[in-house]
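Observations on the model geometry
If you want the building blocks of each chain, they are given just below.
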Amino acid sequence: VAAGHEAVAMVRGPQGNVDAEERYRGYHQALEEAGLEAHPSLEVHGDFTESSGYRAAAELLRRSPRPTAVFVANDSMAVGLLSALRSLGTEVPRQMAVVGFDDITIAQYISPPLTTVHVDAYRMGTRAVQLLLAALAGSATEAPTHETLPAPLVIRESCGSGRSRPDPRRRNDRLRAE
């Protein structure tokens, strides 16, 4: 949206999946905050697999209005979508910007490198185990807790920025370099 895109599509994850539904809710919230209308015609269902992302590309290219950007609910589907867009002759990011979610390892190595929301699975797992151990030790509160961890956007070439090199300050990029 900040880059001027108004027809922003979404490739959704599987219905009933909590992560997919939250990402869908966030997509709608971001459009609303930007003053943009959500077009149901720009929403395509996927199932978190590369093949569903591949199929979604052809569907999006037939939609009206034709999107200039697409938010994909996970990076696996984004990888499939990028492959299909290339096969169908659509240039990323010139004709369509693509943003994924998860920041899987391959995201920085595909062409173009994928802009994505970074999820620190290591930190999430660590925090989950800490909460579990506290519950087992009896020191946890009876009420369920809800915590939100940071999920920064990692800007790479698929959105048109031109940045694509690993960031050595990020834990996953450091581990990949070692």
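Structure's up top.
Throughout what follows, the structure given in this document is the object of discussion. In this text, all values refer to a predicted model and were calculated from it rather than measured experimentally. (Residues numbered from 1 in each chain as written. Predicted model: local features only at pLDDT ≥ 70, side-chain atom pairs only at ≥ 80, totals over all residues. Heavy atoms only, no water.)

Description of the overall build of the protein chain
Put simply, the test is: Numbered from the N terminus, helices here are DSSP runs of H or I no shorter than four residues, and strands are runs of E no shorter than two. A contact between two residues is defined here by any heavy atoms of the two lying within 4.5 Å. For the accessible areas, the method is Shrake-Rupley and the probe is 1.4 Å, while residue cover comes only from the protein chains on display.
From N to C terminus, the protein chain includes 5 helices and 6 strands. From first element to last, N terminus to C terminus, the protein chain shows the α and β order β-α-β-α-β-α-β-β-α-β-α. Of the contacts made within the protein chain by residues no fewer than 6 positions apart, 68% connect residues no fewer than 24 positions apart. Per element, the accessible surface of the protein chain, about 10200 Å² overall, is 54% carbon and sulfur.

As for the environment of Thr68
Basically, it comes down to this: What qualifies as a polar contact is a pair of N or O atoms within 3.5 Å, subject to a donor-acceptor requirement within protein and to the restriction that residues adjacent in sequence count only when both atoms come from side chains.
By secondary structure assignment, the location of Thr68 is in the loop between α2 (50-62) and β3 (69-72). Linking Thr68 and Ala7, residues 61 residues apart in sequence, is a C-alpha distance of 5.9 Å. Those residues in contact with Thr68 that lie beyond four places of it in its chain are His5, Glu6, Ala7, Gln95, Met96 and Ala97. In terms of polar contacts, Thr68 uses its side chain to reach the side chain of His5, at 2.7 Å.

Quick look at the sheet that holds strand β6 (residues 153-154)
Rule in force here: Each pair of strands is called paired provided DSSP finds at least two bridges between the two strands.
Strand order in the open sheet made by the 6 strands is β2-β1-β3-β4-β5-β6, with mixed pairing throughout. Because the sheet does not close on itself, it has two edges, and the strands there are β2 (43-45) and β6. Two strands pair when backbone bridges link them, and strand β1 (residues 8-12) and β2 are joined in this way by 3 bridges, in the parallel orientation. Bridge pairing in β2 places Arg12 opposite His45.

Quick look at the side chain of Asp75
Keep this limit in mind: Each residue is placed in one exposure class: buried if its accessible area under a 1.4 Å probe, protein chains only, is under 20% of its type's maximum, exposed if it is over 50%, and partly exposed if it falls in between. Counted as positive: Lys and Arg. Counted as negative: Asp and Glu, with His and the chain ends omitted from the count. A pairing counts as a salt bridge when a side-chain nitrogen of Lys or Arg comes within 4 Å of a carboxyl oxygen of Asp or Glu.
With respect to the helices and strands, the residue Asp75 is situated in helix α3 (residues 75-87). The side chain of Asp75 is buried and forms no salt bridge, while Arg156, the nearest opposite charge, is found at 6.1 Å. The residues touching Asp75, leaving out its near neighbours within four places in the chain, are Gly100, Phe101, Asp102, Asp103, Ile104, Ala107, Leu114 and Thr116.

Note that all results are geometric; they support no functional claim without further evidence.
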